[in-house]
Amino acid sequence: MALYVSPGFSRAADAHLRLALMFKARRHWAAAAAHFRRARLAPHQDATFTRLELSFHAAHLLEARGLRKAARDAYERLLKEPQLSSSLKADVCRQLGWLYHRCVSLGEAPARARAAVWCLQRAVAAEPDSGAGLYLLGRCFAAQGKVHDAFIAYRNSVEKSEGNADTWCSIGVLYQQQNQPMDALQAYICAVQLDKGHSAAWTNLGSLYESCQMARDAFACYSNGGPAAVAAHAPLRQRLAFLRAHLAHAPMPSVTGKRRQLPSIEEAWNLPISAEMSSRAPKSAPPPYPGKRAEEAPPLSHQQLQTLQYLQRNSHNLSPQQQALMQQLLSQYRLAQAARARAVTKTESSAGSGGESAESLAEDLLKKFSDSQTDIKKEPTTTENGAAGGGGANEAVLGGRQPVVKLEPLKTDPLKPLSFHIGMSSKQILDACKENAGPATSWSVLGDGCGAPEPPAVPAPRLSAEQLAPPAPFVYVESKRDAFSPQLQDFCLKHPIAVVRGLTAALKLDLGLFSTKTLVEAWPDHAVEVRTQLMQSADENWDPTGRRRVWACASHRSHTTVRKYAQYQAGSFQDSLREERERGAVPQHSAGALSDSDGRESGGPVKRRKSARMLRFGTNVDLSDERKWRPQLTELQKLPAFARVASAANMLSHVGHVILGMNTVQLYMKVPGSRTPGHQENNNFCSININIGPGDCEWFGVPDAYWGGVRELCDRHGLSYLHGSWWPDPEELRAHGVPVYRFTQRPGDLVWVNAGCVHWVQATGWCNNIAWNVGPLTARQYTLALERYEWNKVQNFKSIVPMVHLTWNLARNIRVSDPRLHRAMRTCLMQTLRAAAGTLNAVRARGVPIRFHGRARGEASHYCGSCEREVWHALLVREHERRHVVHCLACARRASPTLAGFLCLEEHHTEELAQVYDAFTLHRAAPAAAAAAAAVVQTPALVATPD
């Protein structure tokens, strides 16, 4: 929200880094990668981290995503940097060494072992006071059977960081392997006293007791490992079940019985341990590792913080003595911050064993950030004009690297109130903007003073059980006349989602043109994106262990060709037929349904099938090239105008350039179980989907008024609504008050997805589908698209439909008779005309050269290389890494307050924009007969009627 409400936010780099770390901690990999990239592009003059530190975290994201070779290469590139600090070098070497140790894909075992030891030894040399590298080095030596070297490394690690439960657990493992059970017991006790939830130590302790035939203590230790560890560890569950059955019939232990080899767990917990260990592991658990080191720089006092803030605000008017004091305080502040950062990045959670959580490094850093906030700007500061404020655009930020960037505000005159309205002419708007275009925050396309859109709450009143499972709207088309009747379009626009049956037959569409056989014969080497998914019924979605129903829907992306996927698709069908024959059953039909044919939800707890297999879904096959796919695209021209790929009545036909999959056709090649996870269409546009057959597809849909409820449940499941991949549970949605449509799409059926409808689809048979988006010329469609355009800005999500560029093209091409649509479009035109004038004023005031660039036919719309927002009319361009990158005004001013090094390119003549704006007036509809005649004669001058 900070990035949305303040386009000139001077700490954008820090904001993007924190967002990246939070998304990484929640396993939202794509969103994390996007924010790391934006943090890298944002200016770093006042950032609290260096570009090399950012590169390290970006490399760790690759490791967390499982891209281990790419992570290794990124770490190794970092080690070649000459300006790498010793602490960062130690972090990189630790991560790289542990990566070599645990990833078999990085080479042969002996070579990996040598590389791991070499990297970890470099980490120890780079930061001798850290126990983290020594602990991992000990783990590597232990894995290689070098027991003596492992003990030395562990002992040295304990001396550096005595509060680390992982180290004591590993020491216990070595003692147990050397058949020293009492020493192993004491080491494990140290570990669990430091961390009472250390599941590995409890499990190892249970194993130790079981090896000594102490079943009751073993059972207690296994149980103390926690339900999560038990659920994720099948052998442990088996041992617990065996011990539980054994203890149920075992006699109580006798005091006079055989002498035990080890004390019980209760005795061991309070037993005095050896001097070597007692000095390292006090009974009362110390602060979590790593402890505070004596050599750490103390944080600044409150008075020192105020002094530093004052000196930074007046950095241009300081005496030499004051400058020296400022540098001393700033250096002390940075050392304290760096010490905190090192204290977190050295934790072992990011480099634990086996099932460690790779994203915990991000969680630790977020904790560090939150811990450090109390030291910064507790008191309100005073701006240059004497007013109290807490972070204005012209305020220097504490902790920034010199020189501190000060952003001067855009030219505004507080004595002249801003008043813009859609009744103004272009001349009035441009004249007003010469004096005061208003701040950039007032340039929202929704209108001045409109806040950011928010997800709607679930509407009241709560629906009944019947209303929560509504029947899908079906319409049957029996003739060509029915297909082209206005009632068909009205039916589709009135429902969130609808099935049109019989349309392709009535229009005699040759769907065989989209069959796999035809595709292979036409272009066998055409590219296909493949998603590898788990085969399961539409009612189910399981976690990777197959024991818990979740919303997260995992798939892995790869690429192949039409020919190769066709072979897989046909082979899958033949395998299914063979399996049916072997079972002695006759397949119902080629669909091979995986769910109830009557659409009912399966009740009760469902166990995942033991024979669950992986499938390959061929998606996003691009059919946009008219030279390749002319027969297929020509055939689709038979559809009624409202459903065509290109039509004067389709907003997306007025974009003027290709948006793949939206104003072009995409094809999907499916086997049973292929899933398209839950989503709304880009910018809430409507979509058309035709099933080519021969199998069926099962659809789920939620009306757009309830999308906020779906998003709320995504948040509860820890999933990103926009960036994540999720498969909702219909029963959970209905329990939350969200209605869910469910229906089957048969071959030849056209599914109309209305604006904003949330939907997800699964193939129940072998089939192909074709799909594209359309934009009806209605106020509802335009408003929903514009609101999502703004909400995407809040969510830092790229809008692939350039709504500003589209709005100006629509204003040129159509006449509008709907007052609501006219008002929404006119508001957008006025606001973007203000933004263009304000941008050019700011550019001229800084002496930036302005050149007319124009727009080539079919030229794609431009987006900011930093924030990925649409940039329209005034393109601020600067060379970056040997290529010219477009910036919006806010990002350009963050990069250089004076816009030095930038060039401004104008896409349109201001006079032309003024003419378009003035000519866009509300069209008064003629009588019905005249309007019908005009629609026939003047196809470009389409009239958009109220929805």
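Predicted, not measured: the structure shown is a model, and the values here were computed from it.

Participant: Hey, could you run me through the overall build of the protein in this one?
Facilitator: Counting its regular elements, the protein contains 36 helices and 23 strands. Within the protein, the proportion of its 947 residues that are buried is 52%. Counting only contacts in the protein whose residues sit at least 6 apart along the sequence, the fraction spanning at least 24 positions is 77%.

Participant: Even after reading the chapter, I still don't get the UniProt feature "repeat: TPR" (unreviewed entry) in the protein, so can you show me in this structure?
Facilitator: According to UniProt, the "repeat: TPR" (unreviewed entry) feature falls on residues 165–198. Between the C-alpha atoms that bound residues 165–198 there is a distance of 8 Å. The span itself is 79% helix and 0% strand.

Participant: It is not clear to me how the nonpolar core should be interpreted in this structure. Could you clarify?
Facilitator: Buried together is how nonpolar side chains tend to be arranged in soluble globular proteins. Of all hydrophobic cores here, the largest spans 67 residues; its most connected members are Y75, W168, I171, L185, L205 and Y209. Filtering out sequence-adjacent residues up to four positions away, Y75 remains in contact with F56, A59, H60, E63, V92, Q95, L96 and L99. Formed by 47 residues, the second largest nonpolar core is a distinct cluster that contains L503, M535, V671 and L750.

Participant: What's the story with the confidence of the model for the protein in this structure? I'm lost.
Facilitator: Low-pLDDT stretches of the model should not have their predicted coordinates read in fine detail. Of the residues in the protein, 80% reach a pLDDT of 70 or more, and the chain-wide mean stands at 82. Below a pLDDT of 50 lies the segment residues 372–417, which in the model reaches 100 contacts outside its immediate sequence neighbourhood of four places, other chains included. The low-confidence segment residues 586–609 (pLDDT under 50) makes 54 contacts with residues lying over four places distant or belonging to another chain.

Participant: How do you make sense of the packing of helix α2 (residues 12–25) against helix α3 (residues 29–41) when you look at a structure like this?
Facilitator: For any two helices packed against each other, the geometry is given by the interaxial angle and the distance between the axes. Between α2 and α3, the shortest axis-to-axis distance is 8 Å and the interhelical angle comes to 160°. One element, α2, and the other, α3, form an angle in the roughly antiparallel class. Between α2 and α3 lies a crossing whose hand is left-handed. Contacts from A13, H16, L17, L19, A20, L21, F23 and K24 of α2 reach α3 at W29, A31, A32, H35, F36, R38 and A39.

Participant: Is there a simple way to explain the sheet that holds strand β14 (residues 758–763) in this structure?
Facilitator: Note: strands within a sheet are paired through backbone hydrogen bonds, in either parallel or antiparallel orientation. Strand order in the open sheet formed by four strands is β9-β14-β11-β12, and the pairing between neighbours is antiparallel. Edge strands, defined here as strands with exactly one partner in the open sheet, are β9 (675–679) and β12 (741–745). Pairs of neighbouring strands in the sheet enclose a mean axial angle of 15°, with direction left out of account. With five bridges connecting them, strand β11 (residues 697–702) and β12 associate as antiparallel partners. Looking across to β12, one finds that E698 is bridged to T744.

Participant: Can you walk me through unusual backbone geometry in this structure?
Facilitator: Generally, phi is negative for residues other than glycine and the peptide bonds are trans, each holding for most cases. P461 follows A460 through a cis peptide bond whose omega is -5°. Residue placement: P461 occurs in the loop between α21 (426–435) and α22 (465–468). The residue N179 is not glycine, and still its phi comes out positive at about 60°. The residue N179 is located in the loop between α10 (165–177) and α11 (181–194) in this model. Among the residues examined, N179 registers a relative accessible area of 65% and is labelled exposed. A positive phi angle is found at K508, which is not glycine, with a value near 55°. Residue position: K508 is located in the loop between α25 (503–506) and α26 (516–522).

Participant: Even after reading the chapter, I still don't get the pattern of salt bridges, so can you show me in this structure?
Facilitator: Side-chain pairing between opposite charges can occur once the charged atoms of the two side chains come close. On inspection of all chains with the given rule, the structure shows 27 salt bridges. The residue R711 makes a salt bridge to D715 at a minimum N-O spacing of 3.5 Å. Taken together, the residues span about one helical turn, with R711 and D715 both in helix α29 (residues 707–716) at a distance of four residues. Using a relative accessible area of 35% as the deciding quantity, one classes D715 as partly exposed. Residues R855 and E907 are paired through a salt bridge, measuring 2.9 Å at the closest nitrogen-oxygen approach. Placement of R855 in the loop between β17 (850–852) and β18 (862–863) and of E907 in the loop between β22 (903–906) and α35 (910–919) is noted, with a sequence separation of 52 residues between them. Under the relative-accessibility criterion, R855 is labelled partly exposed at 26%. Under the relative-accessibility criterion, E907 is labelled buried at 4%. One connected set of salt bridges, linked through shared partners, spans R11, D14 and R18.

Participant: Before we go on, may I ask you to explain the packing of aromatic side chains in this structure?
Facilitator: Two aromatic rings, taken as a pair, are described by how far apart their centres are and by the angle between their planes. The final tally for this structure, using the stated rule, is 18 aromatic pairs. The interplanar angle of 35° and the centroid separation of 6.4 Å between the aromatic rings of F617 and Y668 together place this pair among those described as tilted. Note that F617 is positioned in strand β7 (residues 614–622) and Y668 in strand β8 (residues 666–670), a separation of 51 residues in sequence. Both residues of the pair, F617 and Y668, count as buried. Above the face of the W523 ring, K628 is positioned so that its terminal group lies 5.1 Å from the ring centre. Taking NZ or CZ as reference, R834 lies 4.1 Å from the ring centre of F420, over its face.

Participant: Where do I start with the pairing of β8 in this structure?
Facilitator: Regular strands place side chains that alternate from one sheet face to the opposite one. The buried fraction of β8 amounts to five of the five residues, a majority that puts the element mostly inside the structure. Burial of the side chains of β8 extends over both faces: Q666, Y668 and K670 are buried on one face and L667 and M669 on the other. Note: β8 against strand β15 (residues 767–774), five bridges, orientation antiparallel. Bridged to Q666 within β15 is A771.

Participant: I keep staring at helix α7 (residues 109–126) and nothing clicks. Help me out?
Facilitator: A turn of α-helix holds 3.6 residues, and therefore any two residues three or four places apart point the same way. With 18 residues, α7 extends 26 Å from end C-alpha to end C-alpha; this agrees with the ideal 26 Å at 1.5 Å per step. Where α7 is buried, its residues touch α6 (86–102) and α8 (132–143).

Participant: Where do I start with the sheet that holds β7 in this structure?
Facilitator: Taken together, the nine strands give an open sheet; going across it, the order is β3-β4-β13-β10-β15-β8-β7-β5-β6, and neighbouring strands pair in mixed fashion. Looking at which strands have only one partner, the edges of the open sheet turn out to be β3 (474–476) and β6 (556–561). Each strand of the sheet is rotated relative to its neighbour by a mean of 25°, with strand direction disregarded. As paired strands, strand β4 (residues 497–501) and strand β13 (residues 750–753) are joined by four bridges and run antiparallel to one another. Note on β13: the bridge partner recorded for V500 is L750.

Participant: I would appreciate a short explanation of α2 in the present structure.
Facilitator: The terminal C-alpha atoms of α2 lie 20 Å apart, and with 14 residues this matches the ideal 20 Å at 1.5 Å per residue to within 8%. Within α2, eleven of the 14 residues are buried, which leaves it mostly tucked inside the rest of the structure. Listed as buried for α2 are A12, A13, D14, A15, H16, L17, A20, L21, F23, K24 and A25. One or two steps after α2, the chain reaches R27, where phi turns positive at roughly 65°.

Participant: Please explain the environment of H35 as it appears in this structure.
Facilitator: Summarising the element assignment, H35 is placed in helix α3. Classification of H35 by relative accessible area gives buried; the value is 1%. For H35 and C867, which are 832 residues apart along the polypeptide, the C-alpha to C-alpha distance reads 9.0 Å. Leaving out residues up to four positions away in the same chain, H35 has contacts with H16, L19, A20, F23 and N796. Within the local environment of H35, its side chain forms a polar contact with the side chain of H16, the two groups lying 3.0 Å apart.

Participant: Mind showing me how you'd approach the environment of A900 here?
Facilitator: Along the chain, A900 turns up in the loop between α34 (889–895) and β22. Placed 54 residues apart in sequence, A900 and R846 show a C-alpha to C-alpha distance of 8.4 Å.

Quick notes on the rules
Residues numbered from 1 in each chain as written. Predicted model: local features only at pLDDT ≥ 70, side-chain atom pairs only at ≥ 80, totals over all residues. Heavy atoms only, no water. Helix = DSSP H or I, 4+ residues; strand = E, 2+ residues; numbered from the N terminus. Buried < 20%, exposed > 50% of the residue type's maximum accessible area, 1.4 Å probe, protein only. Contact = heavy atoms within 4.5 Å. UniProt positions renumbered as here; feature names shortened; annotations may be inferred. Core = buried A, V, L, I, M, F, W, Y, C linked by side-chain atoms within 4.5 Å. pLDDT = per-residue confidence, 0-100. Axes fitted to C-alpha atoms, helices over the stretch in contact; angles between N-to-C directions. Parallel < 35°, antiparallel > 145°, perpendicular 65-115°, else oblique. Left-handed = near helix turned anticlockwise from the far one by under 90°. Pairing = 2+ DSSP bridges. Salt bridge = Lys/Arg side-chain N within 4 Å of Asp/Glu carboxyl O. Phe/Tyr/Trp six-rings, centres within 6.5 Å; stacked < 30°, edge-to-face > 60°. Lys NZ or Arg CZ within 6 Å of the ring centre and 35° of its normal. Expected span 1.5 Å × (residues − 1). Polar contact = N/O pair within 3.5 Å; in protein donor to acceptor, adjacent residues only side chain to side chain.

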